Amino acid sequence: RSMHPAKLRARIASPRGISRCQEEAIYRVSQEALQNVAKHSGATRVMFSLDSDDRRIKLRIADNGAGFPTETAAENTASFGLACMP
């Protein structure tokens, strides 16, 4: 059973040598971002990618949804939104 009609395309290269705390942060940020897509975007396609190298971890979530003005998102005092993502 599908909870959201969007098609998800995922590309994951599991980071090696990261701490349990880092793993949990990646999981929580991913979870929150995907929930935001499902709740607010109206997207029909979502691309999720996780890559890493020796110095950094790169998580990218993109969709074809409605979007929002990033310059005003941080100023919204009615919700925590992006500010609460670790």
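For clarity, every value in this text was computed on a predicted model and none was experimentally measured. Note on numbering: residues in each chain are counted from 1, in written sequence order. Selection of residues for local features in this predicted model requires a pLDDT of at least 70, selection of side-chain atom pairs for listing and counting requires 80 or more, and totals for whole chains, interfaces and linings are taken over all residues. Each side-chain value is derived from all of the structure's non-hydrogen atoms; neither hydrogens nor water enter the calculation.

### A closer look at the side chain of S30
Move 1: Only DSSP runs of H or I reaching four residues or more are called helices, and only runs of E reaching two or more are called strands; each is numbered from the N terminus. Structurally, S30 is set in helix α1 (residues 20–41).
Move 2: In this structure S30 touches F48, L59 and I61, once residues within four positions along its chain are discounted. Contact criterion: two residues are considered in contact whenever any of their non-hydrogen atoms come within 4.5 Å of each other.

### Focus on the pattern of salt bridges
Move 1: By convention in these notes, a salt bridge is any Lys or Arg side-chain nitrogen within 4 Å of a carboxyl oxygen on Asp or Glu. Here the structure, examined in full by the defined rule, presents three salt bridges.
Move 2: Between E23 and R20 there is a salt bridge; the shortest N-O distance is 3.8 Å. Placement of the pair is E23 and R20 together in helix α1, with a separation of three residues, close to one helical turn.
Move 3: A relative accessible area of 38% places E23 in the partly exposed class. Any residue under 20% of the maximum accessible area for its type is buried, any over 50% is exposed, and the rest in between are partly exposed; the area is computed with a 1.4 Å probe on protein chains only.

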